[in-house]
Amino acid sequence: MSGMTLHADAAAQELRRWLIALGIPMIAACAFTAAALAGLGAWLLGAAIVVGPGIGGIALIWLALSSDTNGATTMAAGELHASALVPAEPTV
């Protein structure tokens with residue numbers, strides 16, 4: 001596998017993780033809100049608030065803390081990392 005394929009696979013896996021962790025609470029909150037508006041009970045709005053912003057906020061914090069977007073990546077031979085293009089200190 002080439003370096004680009006590994007990066008694409010890791011990016012796709014990270015995207016899937018974010019969509020699942022944030023999508024499930026959002027869909028559940030939408031379902032509770034729809035059920036409350038359909039007349040099944042006002043108490044369902046409380047569940048929508050707990051599930052949507054509550055669990056969704058916790059999931060967002062967990063995702064942000066567990067993401068390794070600045071981690072070291074394995075570079076394929078011949079690839080340049082963006083940091084190699086910028087000098088660390090100005091030259092005089």
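The structure this text deals with has already been given above.
Residues numbered from 1 in each chain as written. Predicted model: local features only at pLDDT ≥ 70, side-chain atom pairs only at ≥ 80, totals over all residues. Heavy atoms only, no water.

J.: Would you take a moment to explain the environment of Cys30 for this structure?
T.: Tracing the backbone through its elements, the reader meets Cys30 in helix α1 (residues 3–37). Looking at Cys30, the relative accessible area reads 46%, which means it is partly exposed. Sequence separation between Cys30 and Ile49 is 19 residues, and the spatial gap between their C-alpha atoms is 10.0 Å. (Helix = DSSP H or I, 4+ residues; strand = E, 2+ residues; numbered from the N terminus. Buried < 20%, exposed > 50% of the residue type's maximum accessible area, 1.4 Å probe, protein only.)

J.: Would you mind going over helix α2 (residues 43–66) with me for this structure?
T.: Since the α-helix packs 3.6 residues into each turn, any two residues three or four apart lie on the same face. Here α2 contains 24 residues, and its C-alpha end-to-end distance of 34 Å stays within 8% of the 34 Å for a straight helix at 1.5 Å per residue. Turning to α2, its buried residues are Leu44, Ala47, Ala48, Val51, Gly52, Gly56, Ala59 and Leu63. (Expected span 1.5 Å × (residues − 1).)

J.: Explain the side chain of Ser67 to me, please; I cannot follow it from the model alone.
T.: With respect to the helices, strands and loops of the structure, Ser67 is situated in the segment after α2. Looking at Ser67, its side chain comes within polar contact range of the side chain of Glu14, at 2.7 Å. Once you skip the residues sitting within four places of it in the chain, Ser67 turns out to touch Glu14, Arg17 and Trp18. (Polar contact = N/O pair within 3.5 Å; in protein donor to acceptor, adjacent residues only side chain to side chain. Contact = heavy atoms within 4.5 Å.)

J.: Would you explain the environment of Ala21 in this entry?
T.: In this structure, Ala21 sits in helix α1. Residue classification places Ala21 among the buried residues on the basis of a relative accessible area of 16%. C-alpha of Ala21 to C-alpha of Trp62: the two residues are 41 residues apart in sequence and 9.3 Å apart in space. Each residue touching Ala21, except ones within four places of it in the same chain, is listed here: Ala59, Trp62 and Leu63.

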